[in-house]
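Listed below are the residues making up each chain.
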Amino acid sequence: QVQLVESGGGLVQPGGSLRLSCATSGLTLRSSTIGWFRQAPGKKREGVSCISGNDDRISYAHSVLGRFTISRDNAKNTVYLQMNSLKPEDTAVYYCAAGRFHTLSPNVWDYWGQGTQVTVSS
């Protein structure tokens with residue numbers, strides 16, 4: 001069965017960096033689209049970035065463009081989100097998801113991980 005496990009979250013200072021990992025099982029990255037989403041307290045879940053397995057299409061939310069980089073390691077069935085120049089407004093629980101569509105909408109994904117907390121604070 002499909003499982004997604006996020007890791008790499010933590011507490012960092014503004015301007016710092018973190019790399020999140022989404023370890024997948026029960027699927028292959030070449031046949032799946034993987035997305036990163038985040039949800040801050042009191043706010044709706046929003047799409048951050050996604051990467052398609054077959055054509056390697058990549059999308060970013062405007063708020064993270066130029067600061068975050070999504071990548072994948074097909075041999076490890078793992079997708080990464082490198083987060084640089086972090087801001088306090090990046091603070092959220094970050095989730096990875098797997099689905100059939102390339103989209104930053106959080107409404108059409110088939111599988112979700114448990115989330116990992118990212119806190120950006122001085």
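Preceding this paragraph is the structure being described.
Residues numbered from 1 in each chain as written. Predicted model: local features only at pLDDT ≥ 70, side-chain atom pairs only at ≥ 80, totals over all residues. Heavy atoms only, no water.

Caption draft 1: Local environment of the packing of aromatic side chains. Scanning all chains against the criterion turns up 3 aromatic pairs. Measuring from centroid to centroid gives 5.2 Å for Phe 37 and Trp 109, while their planes differ by 75°, and the two rings are edge-to-face. Within this pair, whereas Phe 37 is found in strand 4 (residues 33–39), its partner Trp 109 is found in the loop between strand 9 (92–99) and strand 10 (111–112), the two being separated by 72 residues in sequence. When the ring of Phe 37 is compared with that of Trp 112, the centres are 4.9 Å apart and the planes differ by 55°; the resulting orientation is tilted. Residue Phe 37 is found in strand 4, and its partner Trp 112 is found in strand 10; the two are separated by 75 residues along the sequence. For Trp 112, a relative accessible area of 29% corresponds to the partly exposed category. Members of the aromatic cluster, connected to one another through ring pairs, are Phe 37, Tyr 95, Trp 109 and Trp 112. (Phe/Tyr/Trp six-rings, centres within 6.5 Å; stacked < 30°, edge-to-face > 60°. Helix = DSSP H or I, 4+ residues; strand = E, 2+ residues; numbered from the N terminus. Buried < 20%, exposed > 50% of the residue type's maximum accessible area, 1.4 Å probe, protein only.)

Caption draft 2: Quick peek at the sheet that holds strand 8 (residues 78–83). Taken together, 4 strands build an open sheet; the order of strands is 1-3-8-7 and the sheet is antiparallel. Of all the strands in the sheet, the pair left with one neighbour each is strand 1 (3–7) and strand 7 (68–73). Sheet twist, expressed as the average angle between the axes of neighbouring strands with direction ignored, equals 15°. The pairing of strand 7 with strand 8 spans 6 bridges and is antiparallel. In the strand pairing of strand 8, Phe 68 is matched with Met 83. (Pairing = 2+ DSSP bridges. Axes fitted to C-alpha atoms, helices over the stretch in contact; angles between N-to-C directions.)

Caption draft 3: Examining the state of the cysteines more closely. Going through the model one piece at a time under the given rule, you end up with 1 disulfide. Residue Cys 22 pairs covalently with Cys 96 via a disulfide, S to S 2.1 Å. The chirality of the disulfide connecting Cys 22 with Cys 96 is right-handed, given an S-S dihedral of about 70°. Residue Cys 22 is found in strand 3 (residues 18–25), and its partner Cys 96 is found in strand 9; the two are separated by 74 residues along the sequence. Cys 96 matches Cys 22 in its accessibility class, with the two residues each being buried. Take Cys 50: it sits in no disulfide, and the sulfur closest to it among the cysteines is that of Cys 22, at 13 Å. (Disulfide = S-S within 2.5 Å.)

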